[in-house]
Amino acid sequence: MRQTFHNVSGRSRTSSGCVLRNDEVPTLRARFARLAGVAVSALQPLKVSRYEPGERFDIHTDAFRGDLRDAEPDPNDWWADRHRVEHGVKGAPISGCNRMLTIFVYLNTVARGGRTRWRWTNHDLALGGSHGTSFYEAPGPGSGRTEVEHGSGADVSVAPVEGTGVLHFPACTAAAGGWTDYNAYHEAEPTVDETKWVAQQFIWSHERLDWRAVLDAENHEPSTRRSDDVI
Ligand SMILES: O=C(O)CCC(=O)C(=O)O
Ligand SMILES: [Fe+2]
């Protein structure tokens, strides 16, 4: 098997998205917060993405590298986990601050393609145990390299069905270090002949006081539109 370890940073996304204002979706945000057992202030503003036929989002993590985005990353601390343990992030200088939970809700059913796929669920295996026997036994920072093409471990793929919600945990809790969990790398495979709509709720370990900076770091355009309905 050809092995193509490389860092998961040149990710490519061809979908488009918008970010909703919190006052457009108060009920939904309250429900997500209840589901996660966190304060509403830990919720990033809700995002909605649209994939036209053939559009995709390649392998990536929802965990946050944050302030180091433009700096040269430490190759052994690719997602700046150690930095965040020491300094937190701007707007939340709290040890281990990270995105800890993501909830996707598919807004329509897509018959062919468009699955969200977690194909790197045994990242440690792919790397020959870079974290020791298992990330969960010895969580910590790493190189971010993985077997991008072939994946590793079980392939967990979810086809979009309208109204279905999917949760996953990109990072440990702050109390456990906030480390990025490379086993949670995922992708949105290309849609085939339908448009896919999905809402993404990213949930942080802590309240952020600088959502604007978070959204800028992700190159999101500020949402100037209001949705038609308050949901
Ligand atoms: O569109 C999907 O299925 C997943 C989207 C995603 O991974 C993300 O927005 O972080
Ligand atoms: Fe994602």
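Look above for the structure.
As the structure is a prediction and not an experimental result, all values here were calculated from the model. Counting restarts for each chain: residues are numbered from 1 in the order of the written sequence. As a convention, the first chain written is A and the first ligand written is 1, with the rest following in written order. Where local features are concerned, this predicted model is filtered to residues with pLDDT of at least 70; where side-chain atom pairs are given and counted, the filter is 80 or more; whole-chain, interface and lining totals use all residues. To obtain the side-chain values, all non-hydrogen atoms of the structure were included, while hydrogens and water were left out.

1. Overview of the site of ligand 1
Next up, step 1: We call a residue near a molecule or strand when any one of its heavy atoms sits within 4 Å of it. In the vicinity of ligand 1, 13 residues are found, and the nearest of them are Tyr51, Thr116, His186, Lys196 and Gln200.
Next up, step 2: N or O atoms within 3.5 Å of each other form a polar contact, as long as, within protein, one can give a hydrogen and the other can take it, and as long as residues adjacent in sequence are counted only when both atoms are side-chain atoms. Contact distances for ligand 1 include 3.0 Å between an oxygen atom and a side-chain N or O atom of His186.
Next up, step 3: Out of a free accessible area of 290 Å², ligand 1 has 99% covered by protein chains.
Next up, step 4: We count a stretch as a helix when DSSP gives it H or I for four or more residues in a row; a strand needs E for two or more, and each element gets its number in order from the N terminus. At the level of secondary structure, the elements contributing two or more residues to the shell around ligand 1 comprise β4 (57–60), β10 (186–188) and β11 (196–204).
Next up, step 5: At four residues, β11 tops the list of elements feeding residues into the shell around ligand 1. All accessible-area figures derive from a Shrake-Rupley calculation using a 1.4 Å probe, and residue coverage is judged against the displayed protein chains alone.

2. A short note on the environment of Arg21
Next up, step 1: Structurally, Arg21 is set in the loop between β2 (16–19) and α1 (26–36).
Next up, step 2: By relative accessible area, which is 37% here, Arg21 ends up partly exposed.
Next up, step 3: For the pair formed by Arg21 and Leu46, sequence separation is 25 residues and the distance between their alpha carbons is 7.5 Å.
Next up, step 4: A polar atom in the side chain of Arg21 sits 2.8 Å from the side chain of Asp23. Relative accessible area decides the class of each residue, using a 1.4 Å probe on protein chains only: under 20% of the type maximum gives buried, over 50% gives exposed, and in between gives partly exposed.

3. Topic: the coordination of the iron ion (ligand 2)
Next up, step 1: With water omitted from the atoms examined, metal sites may look incomplete; donors here are N, O and S atoms no farther than 2.8 Å from the metal, or 3.2 Å in the case of Na, K and Ca. Only His60 (NE2), Asp62 (OD) and His186 (NE2) from the protein reach the iron ion (ligand 2) as donors, at distances of 2.1 Å.
Next up, step 2: Sequence positions of the donors to the iron ion (ligand 2) reduce to the motif H-x1-D-x123-H. A residue pair is termed long-range when its members are at least 10 positions apart, and His60 in strand β4 and His186 in strand β10 qualify at 126 residues. There is no split in this pair, since His60 and His186 are both buried.

4. A closer look at the pairing of strand β3 (residues 47–51)
Across a regular strand the side chains alternate sides, sitting on one face of the sheet and then on the other.
Next up, step 1: When you tally the buried positions in β3, you get four out of five residues, the bulk of the element.
Next up, step 2: A pair of strands counts as paired when DSSP detects no fewer than two bridges linking them. Pairing between β2 and β3: four bridges, direction antiparallel. Across the sheet, residue Gly17 finds its bridge partner in β3, namely Ser49.
Next up, step 3: Relative to β11, β3 runs antiparallel, the two sharing five bridges. Directly across from Arg50, in β11, lies its bridge partner Trp197.

5. Considering the pattern of salt bridges
Next up, step 1: Salt bridge criterion: a side-chain nitrogen from Lys or Arg within 4 Å of a carboxyl oxygen from Asp or Glu. One pass over the full model with this rule turns up eight salt bridges.
Next up, step 2: Here Glu189 ties to Arg115 by a salt bridge, and the two come within 2.8 Å at their closest N and O atoms. One end of the pair, Glu189, is in the loop between β10 and β11; the other, Arg115, is in the loop between β5 (99–106) and β6 (116–118), with 74 residues separating them in the sequence.
Next up, step 3: Using a relative accessible area of 14% as the deciding quantity, one classes Glu189 as buried.

6. Comments concerning the side chain of Glu55
Next up, step 1: With respect to the element layout, Glu55 can be found in the loop between β3 and β4.
Next up, step 2: Asp and Glu count as negative and Lys and Arg as positive, but His and the ends of the chain are not part of the count. For the buried Glu55, no salt bridge exists, and the shortest N-O distance to an oppositely charged side chain is 5.5 Å, to Arg50.
Next up, step 3: A polar contact of 2.8 Å, which involves the side chain of Glu55, links it to the backbone nitrogen of Glu52.
Next up, step 4: Only heavy atoms enter the contact rule, under which two residues are in contact if any of them lie within 4.5 Å. Not counting the four nearest positions on each side in its chain, Glu55 is found in contact with Thr14, Ser15, Ser16, Arg50, Glu189, Pro190 and Thr191.

None of this, on its own, says anything about what the molecule does.
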